[in-house]
Each structure stands twice: as structure tokens, then as C-alpha cells.
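What follows is each chain in one-letter form.
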Amino acid sequence: MDVPFGYLAGVVILGIGVLSALAPPRRPRPVRWVGYIGSLVVNELPFLFAYGLVASTVLALVQGDLAGPGGALAAGLAALTLAGLGVLVARAGTARATIDAALADTLGIRTRRRNHLARILLAPLAGRGGRHVRRVGNLRYGDHRRNTLDVYRHRSRPAAGPVLVYFHSGGYYSGHKRREGKPLLHRLAGQGWICVSANYRLRPEVGWPDHLIDAKKVLAWVRAHAAEYGADPDQIVVAGGSAGGHLAAICAATPNAPEFQPGFEDVDTTIAAAIPLYGWFGGYYDDPPVRSAPLDYANPAMPPMFVVHGDRDSQVPASMARDYVAGVRAVSANPVVHAELRGGQHAFDLFHSVRNAAVIDGIEAFAAWVSARRPAPTMIR
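Since we're looking at a predicted model, the values are computed, not measured. (Residues numbered from 1 in each chain as written. Predicted model: local features only at pLDDT ≥ 70, side-chain atom pairs only at ≥ 80, totals over all residues. Heavy atoms only, no water.)

A.B. asks: What's the story with unusual backbone geometry in this structure? I'm lost.
C.D. replies: Trans peptide bonds make up the majority, and among non-glycine residues the majority have a negative phi. Omega for the peptide link from Arg203 to Pro204 comes to 0°, which places this bond in the cis form. Within the secondary structure layout, Pro204 lies in the loop between strand S4 (194–198) and helix H8 (210–225). For the peptide bond that leads from Trp208 to Pro209, omega is 10°, which places it in the cis range. When you line up the elements, Pro209 lands in the loop between S4 and H8. (Helix = DSSP H or I, 4+ residues; strand = E, 2+ residues; numbered from the N terminus.)

And the structure:
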């Protein structure tokens, strides 16, 4: 049987990625990690892979590689793979309705309709957000080499803009401030926000609660320097992915906690809201003596929260986010919005995708609601 092996190999590799996205493997651990990497990229960029699959199929057809039983088999697998990509697109397309329902049920608001189709179809890889946004990079907020942050702001230098602080993922072992969240940072900066993306110290050099202390130092830096970049230090929203979501959740519950602010105990680290994205809500490694699970610190004074998680997350089960939301809702006086995204995998905020565009629209609506609730300044006569 004459088989187009090069074409078939490409189809099979893509097919495995699609299958991993449709049903991510969870064990054994090595298979889970390989499946996660493949499924993440295919899950969020199905259009790019569909373009490549269609183009390679047309080329194989023109070259006569699909003639005979072997070619028919390869073409059939390609058709199944393309159908799987279609399922991924359909799943991602439900994200907006899910987020709108979560916002409407909890806050009585909806997202603003924006057309992101051209960017998603033609330029989905995260990069510059446009000529109106400027990044000021590698500003220092502490003494360690990892204590650096980037500031994203509109070139018009808006006055008294709200602040978004973003903490990256990486399981406290890895990660970088210029990896995830870039579409979100550029979008909000383009709307007049001052956005901060920060590195923090990592394992094994440090442990818990050193990462949290760094996060608090970032908030202290924002308090001290916000006005220099046109920001309002009293409107700080903290977001983060995975380990960064863990930090965001604990920052929301521990404002001004002196044990996490050594040497800067008097700095106000209160935040207006928290947005954990695919966050880790369990405890830290090796059960440290200092409490490390976000629910350990849940209290009635926590600010509003927007928790977003994928139901196909193979790194942090969606059930963990559900349990966290239920726990916070049981004690907090403020609302907790929870959106569980159909087909969503870990780290879905890497790219300009259908799912991430809907999430960012939701974050923008949530942040506007938080800002609108801020008490009006008192007039002194």
C-alpha cells in the first residue's frame, strides 16, 4: 500500500493533540504533561492548525499523494482531525455565554460586545497590543534579581487610572512576567488602566511565604509609585494564573498582614478585587508551618472576586475552584463570580483566542463594576 508517510505523520501528530484537547489525559504524570502542552496550544489555536491541515491536504492532493488506499486512509484521518478542531472551536465559542451568565447571575451585568475575530483568525499569538500601549520594563521593587516588574500604560498617560497587577504561573518553580496574560495587559492598558506584571522569587531558592512577601512588595511598590505612571493607588485589582492565582487569592484575604510584610508593615496592601485564573487553591509544597491554602485565610472582609477556570484543566481540577468559590461565598460579604469554561485547559490566557477574548471581556466588565462601586470622594468645605 502506497502511503504518504510525511503527510500521515503530520496528521497523526496533530490528531493526538486534538484528542488530548478533547479529553486531556490526567495520569500517569509524564503523559499528563505531554498531553497538557499539546492540548493547550491546539485548544486555543484551532484555526491556525486548521489552516495548516487544509493547506497540507491540498498540497498532498495536488501532488497525487492521496491516491490509493494509503492516501485515502491519511485523508480520512485528516477529516476526523479537522472535525475535532471544529469541536474545539464550538467549545471555545461557549465561553462568552458562560461568562455573561456568571456575571449576570452574581452582579447583574454583562460583557460589552467587541469584535475580536480578525485578531483571533489572523494574528492570535500574543504580542504588542498596538501603538497606543507602552511597556516600561524591568523596574525594581526589591533587592533580589527576580524582584522586577513591567508597567504597561497608554501613551497618553491617563490620570488616576485603575491598576491591574498580574502574577505569572509556573508552580513556584518557573515562569516569567512576559509570558501569560499579555492580551489582558495590553487590552486594559489600552483602555486607560495601568497594568503591572511582576516576577517573584522561585523554588528551590526560597519557599513559602517568600513568594507572597514578594507579591506584597509589588503592591507596596504600586502604592509608592502609582502616581508617577498616572495610576490611582486606591484602585488595585490583582490577577494571576495558577500559582499567580494562588497569590492573588491570598493577597485578597490578607491585606496589611504584618507577618507577610516584614520591614514594610505600615504599607497599605489592600486591594479592590482579585481575579484568580486557573488558580491553584490548595496548600503549598511539603505542608509548610505557615498556612498556605487560600481558604485558610477566607474572611468576611475579602474584596469581590472573579474566579475563572476550565473544566478540562489537567493541572488543577475544576473541582478545586468550585470548592474554593463555595468556601469564600460562605464567609465573604462581597460577591464571588465563578465562570467554569467548557473545554478550557490550564494557561488559556497565553494567546488571542476565542476563549481568552471572552475572558478578557468579562474581566473588563467585572473591573468596571468594581471601579463603579468605589465610594465617591468626600468634598471638604
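A.B. asks: In this structure, what is going on with the layout of surface pockets? I would like to understand it.
C.D. replies: Taking a probe equal in size to a water molecule and rolling it over the atoms shows the remaining empty space. Here the largest pocket is characterised by a volume of approximately 650 Å³. Taken together, 27 residues form the lining of the largest pocket, with Trp33, Gly170, Gly171, Ser242 and Gln315 sitting closest to its centre. The biggest single contributor to the lining of the largest pocket is helix H2 (residues 29–44), with seven residues. Here the residues of the lining of the largest pocket sort into 15 nonpolar, eight polar and four charged. (1 Å grid on protein atoms, 1.4 Å probe; cavity = no way out; pocket = protein on both sides within 12 Å on 5 of 7 lines; lining within 4 Å. Points joined across faces, edges and corners; volume = space filled by probe spheres on them. Nonpolar A, V, L, I, M, F, W, Y, C, P; charged D, E, K, R; others polar.)

A.B. asks: For this particular structure, what's the right way to read the pattern of salt bridges?
C.D. replies: Overall, the coordinates contain 17 salt bridges when judged by the stated rule. The shortest N-O distance in the salt bridge between Asp361 and Arg187 comes to 2.8 Å. Residue Asp361 is found in helix H11 (residues 354–372), and its partner Arg187 is found in helix H7 (residues 182–190); the two are separated by 174 residues along the sequence. Relative accessible area serves as the criterion here: at 2%, Asp361 is assigned to the buried category. Between Asp286 and Arg203 there is a salt bridge, with the nearest N and O atoms lying 3.9 Å from each other. (Salt bridge = Lys/Arg side-chain N within 4 Å of Asp/Glu carboxyl O. Buried < 20%, exposed > 50% of the residue type's maximum accessible area, 1.4 Å probe, protein only.)

A.B. asks: I keep staring at the nonpolar core and nothing clicks. Help me out?
C.D. replies: Among soluble globular proteins, nonpolar side chains are generally buried collectively. With 49 residues, the main nonpolar core has Leu149, Val151, Val165 and Phe167 as its most contacted residues. The element contributing the most residues to this core is helix H9 (residues 243–253), with eight residues. What Val165 contacts, discounting residues up to four positions off in sequence, is Val196, Val218, Leu219, Val222, Ile236, Val237, Val238 and Ala239. Val237, Tyr278, Leu341 and Ala365 belong to the second largest nonpolar core, which has 43 residues in total. (Core = buried A, V, L, I, M, F, W, Y, C linked by side-chain atoms within 4.5 Å. Contact = heavy atoms within 4.5 Å.)

A.B. asks: Can you help me understand empty space enclosed by the protein in this one?
C.D. replies: Scanning the model with the defined rule gives two cavities of 30 Å³ or more in all. If you add up the space inside the largest cavity, you get close to 90 Å³. Lining the largest cavity are 13 residues, with Glu44, Leu45, Pro46, Phe47 and Ile120 sitting closest to its centre. When contributions to the lining of the largest cavity are tallied by element, the ones reaching two or more residues are H2, helix H3 (46–62) and H11. Ranked by the residues each element gives to the lining of the largest cavity, the list is headed by H3, at three residues. Across the lining of the largest cavity, the residue classes break down as eight nonpolar, three polar and two charged. There is about 40 Å³ of room inside the second largest cavity. In this structure, the second largest cavity is lined by Val151, Val163, Ile194, Val196, Trp221, Val222, Ala226, Tyr229 and Ala231. Mapped by element, the contributors of at least two residues to the lining of the second largest cavity are S4 and H8. Split by residue class, the lining of the second largest cavity holds nine nonpolar, no polar and no charged.

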